[in-house]
Structures are given as C-alpha cells and as structure tokens.
Amino acid sequence: MSKVIISSLYSSDVFTMACRQFDQAADAINLPESLRDRTKYPRRCVAFSLPIQRDDGSVTVFEGYRVQHNLSTGPSKGGIRFHQDVTLGEVAALSMWMSWKCSLMGIPYGGAKGGVIVNPDQLTAKELERLARRYMQELIPFIGPDVDVPAPDMGTNEQMMGWMMDTYSNHVGHIEPAIVTGKPIALGGSAGRREATGAGVAYLVKLYLEDLKIPLGETTVAIQGFGNVGSEAALALVAYGAKVIAISDWTGGIYNAKGIDIGKALQYIASEKVLTDFDGGDQITNDELLALECTVLIPAALPRVIKKDNADKVRCRILAEGANGPTTNLAERMLIKRGDVLIIPDVLCNAGGVTVSYFEWLQNRQNYYWDREEVMAKLFKILLRAKNAVEAQKAKFGFSRRLAAQTLGIQRVADAKASRGLFP
Ligand SMILES: NC(=O)C1=CN([C@@H]2O[C@H](COP(=O)(O)OP(=O)(O)OC[C@H]3O[C@@H](n4cnc5c(N)ncnc54)[C@H](OP(=O)(O)O)[C@@H]3O)[C@@H](O)[C@H]2O)C=CC1
Ligand SMILES: O=C(O)CCC(=O)C(=O)O
C-alpha cells in the first residue's frame with residue numbers, strides 16, 4: 001500500500017499531530033530517508049464489525065479497530081479504548097505513541113492500540129461483556145502473547161481484560177494469561193498494575209517538583225479525568241503531601257481550594273458513577289479546570305484538550321500528561337514560548353502503565369509472581385532512568401522535553417529496523 005493511501009486511511013487531526021511530531025523528531029536526529037516511512041507508519045491495522053445481542057433481544061453492530069504499529073522489537077503492546085469518539089486515525093496515532101513509549105522505557109515491545117466506537121456508559125454489564133468477548137474473538141487470528149498483547153485504556157478495565165483472556169483461553173484450549181495485561185489479580189494480573197499509570201505520573205511529578213525546588217506541601221494539583229489514571233495519580237500525590245484542588249469527569253468538575261477528599265470522591269463515584277452533585281467543593285466546567293491556577297495540571301482523559309484557544313489560559317507550573325496526546329503541537333509551542341510551564345510529555349509521564357504491563361506479562365510467562373513492593377521498586381527505577389535519559393538528551397541538543405523523549409524512542413525503533421534489514 002502506498003503511503004498516500006495509508007495517510008488517508010488514518011486521516012484525522014490526532015494522526016496528523018503524531019505524524020508531525022515524528023517528522024520533527026526524524027529531522028532532529030537526521031534519520032535516513034530509507035528508514036523514515038518504515039518507522040513512521042503502522043505495520044498493519046484490522047477493522048471489525050462487532051455484532052452483539054442487546055439485553056432486549058435486538059442486535060447492534062459496533063465498529064472496532066486494532067492498529068499494530070511496530071513489531072520489530074517484540075510483540076506490539078497497547079490498550080483498548082471504548083469511547084464514542086474513537087476513530088481509526090486516533091487509534092493509529094495512539095499506536096505510534098505506544099511504540100516510542102515502549103522504546104523510551106527500554107521495554108522489548110512495539111506499539112499497538114485498539115478501539116471500539118461505543119459509549120460504554122450506555123451498555124449494561126452483560127452487553128459490555130458480550131462486546132469485550134466479541135472484540136477478542138475477532139482479534140484472535142491477529143494476536144498472541146508473542147504477537148500483540150492488549151491492555152486497558154479509556155472505557156475498559158480489569159474485568160474486561162478478564163473476559164478477553166477467558167475468550168482467548170477457551171479458543172486455544174488452555175489458560176493463556178499472557179494474552180492481555182491489566183487483568184484481575186485472580187487471573188494472573190500483576191500487583192500494582194491498577195495503580196501503575198497514576199502512581200508513575202505522581203512519581204515523575206515528585207521528581208520534577210524536586211528539580212524545581214517546590215515543596216510537596218505547597219503543591220496544588222488539578223486533574224481532568226477521574227478514572228483509572230486520574231484517581232490513582234490523585235491518591236499518590238495526596239500520599240506524597242500535595243493538595244488536589246480540582247477533579248473532573250465528562251460531566252464537569254469539582255473545585256475546592258482547601259483540598260478535595262479523594263477517598264470520598266472515589267466512594268461517591270463508586271455509587272453514583274459520575275461526579276455531578278458531589279458535595280466536596282464548587283462545581284466547575286472542564287474548561288475552567290484547565291485554566292485553574294495550580295502547581296500541577298494533569299490532563300487524564302482525552303487527546304487535544306489543551307489547544308490554541310486555551311493554551312494561554314493554562315496557569316500551572318508543571319503540565320503532567322497523564323492522557324495520551326492532550327496537548328496539540330501548536331499549544332505546546334505557545335507554552336514553550338511562554339517559558340513558565342514544564343511539560344512532562346505523555347510518552348514519559350504515563351509510561352508506568354505499560355511498564356507494569358510488561359512486568360505482568362513476564363510474571364505470566366514465568367508463572368512466578370512478585371509482590372507489590374518489588375513491582376513498584378522496579379517501576380520507579382525504570383521511570384527514573386527514562387527521566388534522566390530525557391533530561392540528558394534535552395540538555396545535549398537543546399530539544400524540548402517531548403522532542404527529547406520522542407527522539408530517544410524513535411531512534412531505538414529505527415535502529416532495530418535498520419539492524420533487521422529488508423527482505424530481498
Ligand atoms: N489506563 C492506563 O493504564 C493508561 C491510560 N492512559 C491514558 O490516560 C487517559 C485516561 O485513561 P484511563 O484513566 O484508563 O480511562 P478511564 O476510562 O478509567 O477514565 C477516563 C476518565 O476521563 C473522563 N472523561 C471522559 N470524557 C471526558 C471529557 N470529555 N472531559 C473530561 N473528562 C472526561 C471519564 O469520565 P466518565 O468516567 O464519567 O466517563 C473518566 O473519569 C487516556 O488518555 C489513556 O489513553 C495512558 C497510559 C496508560
Ligand atoms: O499497559 C499497556 O499495555 C498499555 C497502556 C496504554 O495503553 C498506554 O500506555 O497508553
């Protein structure tokens with residue numbers, strides 16, 4: 001397939017954004033022309049029709065995708081997103097970022113991502129189970145523990161990974177826990193995987209606060225998205241001594257200058273599903289949350305929420321990208337020009353999740369399990385190593401932090417491709 005066809009297949013703002021980042025990084029490291037398109041474009045993608053029976057007996061056909069960006073350094077790896085705004089282009093962009101992320105962390109995986117166009121809140125638990133199982137059923141010819149290993153992302157969770165693992169295991173005739181990560185502990189999930197992404201975000205924030213000499217006790221935090229990543233980052237930052245002053249979900253946010261009781265907010269979500277009417281503070285909109293004066297702003301939901309229109313309104317010292325792709329390229333240039341916001345780029349900031357997914361896969365394959373302490377110690381060691389590598393690259397070449405992180409990731413993927421050669 002020509003790259004013209006590939007580009008139009010994935011055509012979307014977010015894919016264009018990921019491609020422009022790649023082009024800038026490739027120029028910055030003088031990547032040979034012969035390796036550029038080969039490293040940039042996804043290796044393959046699959047699109048599925050996913051018919052499921054609804055509880056009322058009717059049938060709805062959902063649309064789903066899996067994009068495997070790169071398999072040169074190991075099986076491809078990345079989460080599955082259930083969201084109404086999913087597009088093939090978004091999934092492709094997310095798969096590219098997974099490649100650079102795994103490579104930056106020194107994890108022997110390529111990148112992948114999956115998605116289904118669905119609002120999971122509008123399905124019952126039984127319907128979600130049918131959809132998760134059907135997605136895995138369709139994916140079976142294209143994955144395996146050495147080929148492609150999914151995990152949770154927005155709108156999916158441990159339970160869905162459990163159903164997917166069960167569907168795959170029934171197909172192959174034996175239990176195969178290493179086919180997905182982020183599973184329930186009872187099915188071979190790793191200690192620490194649930195909290196890994198948020199805990200990793202919090203750990204990196206702590207390291208950068210130390211660099212800036214800002215005490216944790218004087219740190220205020222605003223978080224957009226109070227799901228797996230946002231809530232776990234909140235818990236970890238509160239445990240470090242910071243104050244979380246704002247949280248939000250798709251319905252809007254809560255602001256409390258004295259600090260939000262995160263445990264109470266989690267209890268509220270567990271019973272009410274959404275933060276609307278949570279009485280832990282004043283109600284604000286998601287736009288207002290992004291413009292709050294705070295030490296640390298953590299977007300932990302959708303891509304492209306910090307953009308040209310609101311970049312000038314951002315008033316944090318550290319922008320910690322828990323989400324993938326939350327800052328558009330133009331908004332990043334505006335923030336860099338301003339010079340008062342330190343951006344921890346997504347491929348570094350939220351890499352705790354895939355790192356512990358790698359540990360989970362290793363534990364599944366060895367059938368030997370580690371305790372949480374060991375998992376977290378290994379995670380923090382890898383995050384610190386990656387942060388130091390990014391800072392060294394930034395200092396050496398005068399790059400932005402994102403360019404530093406992406407050049408490191410891209411160079412390693414390109415080197416692996418060059419070493420493997422081409423088929424005659
Ligand atoms: N899970 C992981 O391990 C990793 C996730 N990430 C990234 O982190 C981000 C969040 O993922 P995750 O926490 O797993 O997802 P979850 O589904 O667990 O949580 C997503 C959160 O975002 C909220 N949300 C949805 N739409 C909006 C909106 N329009 N405005 C504000 N908030 C919104 C959701 O609200 P509601 O629940 O009400 O819908 C929910 O609180 C994604 O970008 C993902 O790619 C990155 C690395 C690893
Ligand atoms: O845990 C994983 O394998 C992938 C996590 C993920 O989707 C991400 O880092 O964006």
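Residues numbered from 1 in each chain as written. Chains lettered and ligands numbered in written order. Predicted model: local features only at pLDDT ≥ 70, side-chain atom pairs only at ≥ 80, totals over all residues.

**Q** Looking at this structure, I do not really get the pairing of strand β5 (residues 148-152). What am I missing?
**A** Sheet faces and side chains relate simply in a regular strand, where the side chains alternate between the two faces. With respect to burial, β5 is a largely interior element, five of its five residues being buried. Strand direction decides the pairing type here: strand β3 (residues 76-83) and β5, joined by five bridges, are parallel. What sits directly across from Gly78, in β5, is Pro150. (Buried ≥ 20, exposed ≤ 12 C-beta atoms within 10 Å, placed from the backbone. Helix = DSSP H or I, 4+ residues; strand = E, 2+ residues; numbered from the N terminus. Pairing = 2+ DSSP bridges.)

**Q** I would appreciate a short explanation of the site of ligand 1 in the present structure.
**A** Around ligand 1 lies a shell of 26 residues, among which Gly225, Gly227, Asp249, Ala323 and Gly353 are the nearest. Of all the secondary-structure elements, those providing two or more residues to the shell around ligand 1 are α8 (228-240) and β7 (243-249). A per-element tally of the shell around ligand 1 places α8 first, with three residues. Split by residue class, the shell around ligand 1 holds 10 nonpolar, 14 polar and two charged. Inspection of the shell around ligand 1 shows a minimum of three residues originating in each of domain 1 (3-176) and domain 2 (194-344). (Near = placed C-beta within 6 Å. Nonpolar A, V, L, I, M, F, W, Y, C, P; charged D, E, K, R; others polar. Domains from an automatic or database assignment.)

**Q** How should the UniProt feature "binding site: NAD(+)" (unreviewed entry) in the chain be read in this particular structure?
**A** UniProt's feature table lists "binding site: NAD(+)" (unreviewed entry) at Thr197 and Asn228, given in the numbering used throughout. A stretch of 32 residues holds the annotated residues, and the largest C-alpha distance among them is 8.0 Å, short enough that they meet in one place. For Thr197, the location among the structural elements is in helix α7 (residues 193-212). Exposure remark for Thr197: the 29 C-beta atoms within 10 Å place this residue in the buried category. Residues contacting Thr197, with those up to four places away along its chain left out, are Asn228, Val229, Glu232, Asn350, Gly352 and Gly353. You can see Asn228 is positioned in helix α8. (UniProt positions renumbered as here; feature names shortened; annotations may be inferred. Contact = placed C-beta atoms within 7 Å.)

**Q** Mind showing me how you'd approach the pairing of β3 here?
**A** The element β3 is largely enclosed, with a buried count of eight among its eight residues. Where β3 lies against strand β4 (residues 110-117), six bridges are found, and the strand directions are parallel. Looking at β4, one finds that Ile80 is bridged to Gly114. For the crossover from β3 across helix α4 (residues 88-105) to β4, the handedness is right-handed. (Right-handed = clockwise from strand over helix to strand, strands pointing away.)

**Q** How do you make sense of the sheet that holds β5 when you look at a structure like this?
**A** Taking strand neighbours across the sheet as the criterion, the five strands line up as β1-β2-β4-β3-β5 in an open arrangement whose pairing is mixed. Since the sheet does not close on itself, it has two edges, and those belong to β1 (44-53) and β5, each with one partner. Along the sheet, successive strands turn relative to each other by an average axial angle of 25°, direction set aside. Each of β1, β2 (59-68), β3 and β4 is contacted by α4, which is oriented at about 155° to β4, the strand it contacts most. (Axes fitted to C-alpha atoms, helices over the stretch in contact; angles between N-to-C directions.)

**Q** Whenever I open this one, unusual backbone geometry confuses me. Can you help?
**A** With the exception of glycine, most residues fall at negative phi, and the peptide bonds are largely trans. In the Ramachandran plot, Asn30 falls in the positive-phi region, its phi being about 50° despite a non-glycine side chain. Its location among the elements puts Asn30 in the loop between α2 (13-28) and α3 (33-40). In this structure, Lys273 is a non-glycine residue whose phi angle is positive, near 75°. For Lys273, the position within the fold is in the loop between α9 (262-272) and β9 (282-284).

**Q** Explain the domain arrangement of the chain to me, please; I cannot follow it from the model alone.
**A** Interfaces are often described in size by the accessible area the parts lose on coming together. Taken domain by domain, the chain consists of domain 1 (3-176) and domain 2 (194-344). Relative to domain 2, the C-alpha centre of domain 1 lies at a distance of 26 Å. Contacts between the two partners involve 11 residues from domain 1, matched on the other side by eight residues from domain 2. When residues of the side of domain 1 that touches domain 2 are traced back to their parent elements, those giving at least two are α2 and α4. With five residues, α2 is the largest single contributor of residues to the side of domain 1 that touches domain 2. When the residues that make up the side of domain 1 that touches domain 2 are grouped by side-chain class, the tally is six nonpolar, one polar and four charged.

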